[in-house]
Amino acid sequence: MAEKLLDWNEVLIGATIKDPGNSRSYETGSWRVERPVWNPDECIQCMFCWVYCPDSSILVDENGKMTGIDYDHCKGCGICVEQCPKKSKALTMLLEADAKGKSEEEIRKEAFSK
Amino acid sequence: MALLNDLAKKKEGLVNGHRLCPGCTHSVIMRQALAAADTDKYDIVIAAATGCFEVSTGLYPYTSWNVPWIHSAFENAASTIAGVEAMYKVWKKKGKTNKDIRFIAVASDGGTYDIGLQALSGAIERGHQFLYICNDNNAYQNTGNQRSSATPFGASTTTSPNGTIIQGKTQPKKDIMSVLEGHHMQYIAQASPSNWRDLMDKVKKALDVNGPTYINVIEPCTTGWGFPAHKAIEIAQLAVDTCVWPLYEVVEGKVVINYKPKNKLPVEEYLKPQKRFAHLFKKGNEHLIEEYQKQVDKHWEWLLKREESGISY
Amino acid sequence: MGKKVALTGNEAAAHAIRQINPDVVAAFPITPSTPIPQNIAQYIADGKMDTELVTVESEHSAMSACIGAAAGGGRVMTATSANGYALMWEMLYIASGARLPIVMAVAARALSGPLNIHGDHSDIMGGRDSGWIELVAENSQEAYDNLIQAVKIAENKDVMTPALGAFDGFNISHSIEIWEMEDDDKVREFVGEYEPLFPLLKTEEPVTHGAWAPPDWYFEHRMSQLKGLLNAKDVVVNVGKEFGKAFGREYGIYEAYKMDDADYVIVAMGSVCGTTKDVVDSLRDNGVKAGLLKLRLFRPFPYKELADVLSGAKAIAVLDRVSPAGAQGGPLFNEIRSALYDANNRPPVINYSYGLGGRDTQPVHINSVYDTLKKIVETGKVEKQFDCLNLRGAWG
Ligand SMILES: Cc1ncc(C[n+]2csc(CCOP(=O)(O)OP(=O)(O)O)c2C)c(N)n1
Ligand code: SF4
Ligand code: SF4
Ligand code: SF4
Ligand SMILES: [Mg+2]
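Residue indices follow the written sequence of each chain, beginning from 1 at its first position. Written order determines the labels here, with chains lettered from A and ligands numbered from 1. Given that the model is predicted, a residue must reach a pLDDT of at least 70 before its local features are reported, and side-chain atom pairs must reach 80 or more before they are shown or counted; all residues, however, enter totals for whole chains, interfaces and linings. Each side-chain value is derived from all of the structure's non-hydrogen atoms; neither hydrogens nor water enter the calculation.

## Focus: the overall build of chain B
- Put simply, DSSP H or I for four residues or longer makes a helix, DSSP E for two residues or longer makes a strand, and each gets a number counted from the N terminus. When you go through chain B residue by residue, the secondary structure sums to 12 helices and 12 strands.
- Expected size for 313 residues packed as a compact globule is a radius of gyration near 20 Å; at 19 Å, chain B falls within 12% of this value.
- Dimensions of chain B, computed from the C-alpha atoms along their principal axes, are close to 70 × 50 × 40 Å.
- Burial here depends on accessible area, computed with a 1.4 Å probe over protein chains only, as a share of the maximum for the residue type. Under 20% is buried, over 50% is exposed, and the range in between is partly exposed. Relative to its 313 residues, chain B shows a buried fraction of 64%.
- The contact definition used throughout considers only heavy atoms, calling two residues in contact when any of these lie within 4.5 Å. At a minimum sequence separation of 6, the contacts of chain B that also span at least 24 residues come to 69%.
- Total accessible area computed for chain B in this model is approximately 11,000 Å², and 54% of it derives from carbon and sulfur atoms.
- For chain B, the separation between the mean place of its 36 positive charges and that of its 32 negative charges on side chains is 3 Å. Taken over C-alpha atoms, the radius of gyration is set against a globule rule of 2.2 Å times the number of residues to the power 0.38. Working definition of accessibility: Shrake-Rupley area with a 1.4 Å probe, residue cover restricted to the visible protein chains. Counting rule for charge: Lys and Arg are taken as positive, Asp and Glu as negative, and neither His nor the chain ends is counted. Charge positions come from single atoms, namely NZ of Lys, CZ of Arg, CG of Asp or CD of Glu.

Structural data, given as structure tokens:
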């Protein structure tokens, strides 16, 4: 993630940025204390989580359906969970510490068993 | 309005990796607005005012923008976009582009109600084609939650603090919608990210006007207002349901209220979850909440009457 | 073929802008530059130019709209003076930082307070470090010629820096002089087409303009910007030569008037140089080796070239049309003295404030300066390093 620092005679003039949307390479997932965990079996694909996510971190397929969460960027605000009509069944929060070192399956189990 | 699944398929104009606080609704509003824009029909160019949103999405060498975007200063989003739009007219005239381009200026309350009001008024009066979106988070958040003329009555900010003899901001919030109404634009509206469909409809409508339009959007700020990040949308919804933030349009001067809560909640419901209002709930400060309620009711009644009258320009 | 016309400096600027026919002009009226946007509006109304005129509600918005338009992608011009220039201040730095080659006509005027609408260099000297190229004219002809050249200088790919063409408020802006107006086609051919670097309106290649630069980046951007400004020096010379070829009036970064063997030298900018030339001529007639160094390019400051041409002098007086404002002297004085510090021969340099707020500067005042220089050379003593010309009451 470390950006390449350019010399004064290498930077684009006017501090212009020609690489649209390049902030994607800056990962804000590390800010997270808690993470949303998704259960596809309970999800009704209403996409409320998508429309309310401040960090465009609801992953979507070519049909506009939710396929998961972008943990590289999700800041763990919890808005998606709060707005999910199937809250605590389709989407729930789990402490990062409790997710550490676990497989996706284990994390899901841990999150939804509570 | 298309289904959310259809909108979710679109390439997003604002991407992640930005540095807004977790749960900040600046980006929620813009994501909804850009999703609403009919980008098969036209392209969007944005000018932003200095503030939380701008510093978080344009931090060299990173940009979170997938659409052309310019920031120049705090008080001039409107005059900056006016310049871009003027150049667009030239490009069209000279055949340098055959594209349909629509313009958006975005600022928060500081850049709109206060320091940017003159530039906004001027650009509207000149009739540039642009949609001005004000993400109103009720204070100068980027510099640490100082009061603005959009700060509501009673709210404690770092320059209108709650103290032993003064309890937060003593003046009511500026009615910017009425200020803008005085410009007799074709379309102005107030919206909330909690009511995304309504917000999207408004943005789409506004972008189809060949002239200046304005949308005032409540932008709950977890950091400045003092509520847990996950509550951001709930807070916006409470503002709507208490009529603190009525959802309405002024179309050619005619008021259309888009949402009338069946059960209009007392303002306490909105105030309670926010630290900036905590002191209002202290013993002896009941009158401040009463005053708050009075201001909200008065404005709501006035809006209802205006709607009923059906008067337009 | 060009033709001789008898018109004011403002009209000269307005005609230059009409002939350049920029894509966008955003401007706001202020004395003494008001006639420029007025004339432009009339030219547009009469179909004599097809610029998009944005009649903004303030100069802050004028420069903001210029920035928006230039970033949009095209040629942009404006005009202002004094308080209008001051109100643009914040945006001047942003225009140069964004490397947008906006060109501005400045009818230079005193800054308030007290309010004064007359000629003075308070505006352009106050903004001298805003990163703009500054060209200063002696008369209407130069005001006209400078604006045309400024477009080419600012837009040069090694420069890409905004430029202002200044001329003294009232002394030039409002006085009718005879000057040569070139043919519209020839002017247009001279300035050529401008290809913007990163236009916002090219929506298929979305660019971000105006991201903020944290400490890791700001310094590099500022130095990159400085390089562009410094590159302007050679470009000014080259464009001045090209202009000479095209129109018969060649320009450099300064004009050395009877400087070859001059002992007593005045350094100045703007309309006072006309008066000074007359004084030099009469002194020369009387065998006094007087000379004038008229500076045309104030930013970037051509300190090496100036040191070279000045180091033969025996005594130098620098005329500043501003108050020193608490510095050791006026800005031109400080820069000239600093330029001479490394010279082999370091003549004494004194400083005068003159012409503030439209105060007259007559041959008698200029003569007194040369007298003082002579005295300094004769006695080897500088009695007053700083003084005022035509001020009531002795200064100091
Ligand atoms: C001319 C000027 N004055 C002051 C500032 C400092 N400043 C930067 S952002 C800001 C407040 C922004 O408030 P607002 O417009 O409400 O945006 P928010 O950060 O709340 O989203 C201030 C005071 C500035 N950048 N420029
Ligand atoms: S927790 Fe917040 S950032 Fe993460 S996916 Fe949910 S709404 Fe988006
Ligand atoms: S809000 Fe809940 S139910 Fe709706 S798409 Fe997201 S996870 Fe599925
Ligand atoms: S301070 Fe408020 S407005 Fe600013 S980024 Fe944080 S949440 Fe958003
Ligand atoms: Mg704000």
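## Quick notes on the coordination of the magnesium ion (ligand 5)
All names here are of chain B.
- Around the magnesium ion (ligand 5), the donor atoms from the protein are Ser108 (OG), Asp109 (OD), Asn137 (OD1) and Ala139 (O), and they sit 1.9 to 2.4 Å away.
- Metal sites are built from N, O and S donor atoms within 2.8 Å, or 3.2 Å for Na, K and Ca, and they leave out water, so they may look incomplete. Only two sets of limits are used to name each site, 85 to 135 degrees for every angle of a tetrahedral four-donor site, and over 155 degrees for opposite donors with all other angles from 65 to 115 for a square planar four-donor or octahedral six-donor site, with any other site named irregular. Taken together, the six donor atoms coordinating the magnesium ion (ligand 5) and their angles of 74 to 176 degrees define a geometry best described as octahedral.
- Sequence spacing of the donor residues for the magnesium ion (ligand 5), all on one chain, is S-D-x27-N-x1-A. Of the two residues, Asp109 sits in helix α5 (residues 109-114) while Asn137 sits in the loop between β6 (130-136) and β7 (139-140), which places them 28 residues apart along the sequence.
- Judged by its relative accessible area of 2%, Asn137 falls in the buried class.

## Remarks on a negative patch on the surface
- Here a patch means residues that are over 30% exposed by relative accessible area and free of salt bridges, tied together within 9 Å if like-charged and within 5 Å if nonpolar (Val, Leu, Ile, Met, Phe, Trp, Tyr). For this document, the term salt bridge refers to a Lys or Arg side-chain nitrogen within 4 Å of an Asp or Glu carboxyl oxygen. A cluster of like negative charges, contributed by Glu268, Glu269, Glu286 and Glu290 of chain B, occupies part of the molecular surface.
- Mapped onto the elements, Glu286 of chain B comes out in helix α12 (residues 286-309).

## Quick notes on the interface of chain B and chain A
- Contacts between the two partners involve 37 residues from chain B and, on the opposite side, 43 residues from chain A.
- Summing the contributions of chain B and of chain A, the shared interface buries around 3,300 Å²; its carbon and sulfur component is 56%.
- One can count zero salt bridges joining chain B with chain A.
- In protein, a polar contact requires one atom able to donate a hydrogen and another able to accept it; more generally it is a pair of N or O atoms within 3.5 Å, and residues adjacent in sequence count only if both atoms are side-chain atoms. Taken together, the connections running from chain B to chain A amount to 25 residue pairs in polar contact (both at pLDDT 80 or more).
- At the level of elements, α1 (4-9), α2 (26-36), β3 (62-63), α8 (196-207) and α10 (232-241) of chain B are the ones that each hand at least two residues to the side of chain B that touches chain A.
- Following the grouping adopted for this structure description, the nonpolar residues are Ala, Val, Leu, Ile, Met, Phe, Trp, Tyr, Cys and Pro, the charged ones are Asp, Glu, Lys and Arg, and the polar ones are all others, Gly among them. Of the residues in the side of chain B that touches chain A, the class split is 20 nonpolar, 12 polar and five charged. Take the accessible area each of two parts loses on contact, using a 1.4 Å probe, and add the two losses: that sum is the buried area.

## A look at the interface of chain C and chain A
- With 18 residues of chain C at the interface, the matching set in chain A holds 15 residues.
- Across the chain C/chain A interface, buried area totals approximately 1,500 Å², and carbon plus sulfur atoms make up 71% of it.
- The largest contributions to the chain C side of the interface with chain A come from Phe198, Trp217 and His221 of chain C, which together make up 34% of the buried area.
- The tally of links between chain C and chain A comes to zero salt bridges.
- Applying the counting rule to chain C against chain A returns two residue pairs in polar contact (both at pLDDT 80 or more).
- Of all elements in the fold, only β9 (208-209) and α8 (218-247) of chain C reach the threshold of two or more residues within the side of chain C that touches chain A.
- Here the side of chain C that touches chain A gets five residues from one element, more than from any other, and that element is α8 of chain C.
- Taken together, the residues of the side of chain C that touches chain A break down into nine nonpolar, five polar and four charged.

## Focus on the site of ligand 1
- Around ligand 1 sit 18 residues, and of these His26, Gly110, Gly111, Gln141 and Asn142 of chain B come closest.
- Nearness here has a simple test: a residue counts as near a molecule or strand if at least one of its heavy atoms is within 4 Å of that partner. More than a single chain frames ligand 1: its nearby residues are located in chains B and C.
- Measuring from an oxygen atom of ligand 1, one finds a side-chain N or O atom of His26 of chain B at 2.9 Å.
- For ligand 1, an oxygen atom lies 2.8 Å from a polar atom in the backbone of Asn142 of chain B.
- Taking 590 Å² as the accessible area of ligand 1 by itself, protein coverage stands at 77%.
- Listing elements by their share of the shell around ligand 1, those giving two or more residues are α5 and β7 of chain B.
- Residue contributions to the shell around ligand 1 peak at three residues, all from α5 of chain B.
- When its residues are assigned to classes, the shell around ligand 1 shows five nonpolar, 10 polar and three charged.

## Things to note about the site of ligand 4
- Taken together, Leu20, Cys21, Cys24, His26, Cys52, Asn137, Glu219, Cys221, Thr222 and Thr223 of chain B make up the full set of residues near ligand 4.
- Split by residue class, the shell around ligand 4 holds five nonpolar, four polar and one charged.

## Notes on empty space enclosed by the protein
Residues and elements named next belong to chain C.
- Any residue with an atom within 4 Å of a point lines the site, the site being either a cavity, points on a 1 Å grid over the protein atoms alone where a 1.4 Å probe fits but cannot get out, or a pocket, an open set with protein on both sides within 12 Å along at least 5 of 7 lines. Grid points are joined across faces, edges and corners, and a volume is the space filled by probe spheres set on the points. Counted according to the given criterion, the structure contains six cavities of 30 Å³ or more.
- Space inside the largest cavity adds up to approximately 110 Å³.
- Forming the boundary of the largest cavity are 16 residues, of which Leu100, Met160, Leu197, Phe198 and His209 lie nearest the centre.
- Among the elements that make up the lining of the largest cavity, the one with the highest residue count is helix α3 (residues 59-73) (three residues).
- Tallied by class, the residues present in the lining of the largest cavity amount to 12 nonpolar, three polar and one charged.

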